[in-house]
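Breakdown of the fold
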Amino acid sequence: MSKISQNLLLERAEHEFLKGDYANALRSYGLILKDYPSLDEARIGVFLSDLGVESEEEAQALFDYYQVIKGEKENAADIIDGLIENLDSSKHKLQELLITPWEEQIEYGDGIRYSDFLALVKSRGSFKKTFEDIMFSTKVVITNKDEFIDFVTQLSHEGFDEMALGYLDASVSLFGNDQDILALYHVVRGVQ
């Protein structure tokens, strides 16, 4: 490849990045790195494109900052590397701080995971009987949409329609206009 094609490839990758097409930008920067493994702009482009898939605002902000400092500082790539590393480290620490206590609360709180509740239902042979036994003393902890849909559907099939409607009404703010959730109103009301 000639110097011109390297610059054209960088321009194309940069254009894709600025459009928010991070997957193609990542691919373009990766192809440049294949032929020019020590090219800082391509290496930074790969990192920022990967970050953009996860967090567009952070990636764009770091990209803009890199554009400003790359002409002023010789170690611009090292500065961006350090910022990306700190950002990644901070995210992992924050995730550990938030998720670990939440998982412990689910595990040891006054609740039972939905999967454990279903195992209990299976061993007892009756959703209705199992739910009646625990409904005043134990919370059923639901951690995703599929569990919620299954739980509300089971409540409705077992005659707990008012309770199922209560759960649905309380979940509107969580799920918004999710069509799968809204369809549960038809299930609870017996409309198929």
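Structural data are supplied above this passage.
Keep in mind it's a predicted model, so treat the numbers as computed, not measured. (Residues numbered from 1 in each chain as written. Predicted model: local features only at pLDDT ≥ 70, side-chain atom pairs only at ≥ 80, totals over all residues. Heavy atoms only, no water.)

Evaluated as defined, the whole model comprises eleven aromatic pairs. One aromatic cluster in this structure is built from Tyr114, Phe117, Phe127, Phe131, Phe151, Phe160 and Tyr167. (Phe/Tyr/Trp six-rings, centres within 6.5 Å; stacked < 30°, edge-to-face > 60°.)

A separate point is the environment of Tyr185. In this fold, Tyr185 is placed in helix H10 (residues 179-188). Separated by 32 residues in the primary sequence, Tyr185 and Thr153 have C-alpha atoms spaced 9.6 Å apart. Once residues within four sequence positions are removed from consideration, Tyr185 is found in contact with Leu165, Leu168, Asp169 and Val172. (Helix = DSSP H or I, 4+ residues; strand = E, 2+ residues; numbered from the N terminus. Contact = heavy atoms within 4.5 Å.)

With respect to the element layout, Glu14 can be found in helix H1 (residues 3-19). Sequence-wise, Glu14 and Phe63 are 49 residues apart; in three dimensions their C-alpha atoms are separated by 9.5 Å. In contact with Glu14, other than residues within four places in its own chain, are Tyr29, Phe63 and Gln67.

Further remarks concern the pattern of salt bridges. A pair can form between side chains of opposite charge whenever their charged atoms are brought close. If you walk through the whole model with that rule in mind, you get six salt bridges. In this structure, the salt-bridge partner of Asp180 is Lys145, at a minimum N-O distance of 2.9 Å. With a gap of 35 residues between them, Asp180 in helix H10 and Lys145 in helix H8 (residues 145-157) connect regions that are remote in the sequence. Accessibility expressed as a relative area gives 25% for Lys145, which makes it partly exposed. Ionic contacts of the salt-bridge type, sharing partners, join the residues Asp40, Arg43 and Asp81 into one network. (Salt bridge = Lys/Arg side-chain N within 4 Å of Asp/Glu carboxyl O. Buried < 20%, exposed > 50% of the residue type's maximum accessible area, 1.4 Å probe, protein only.)

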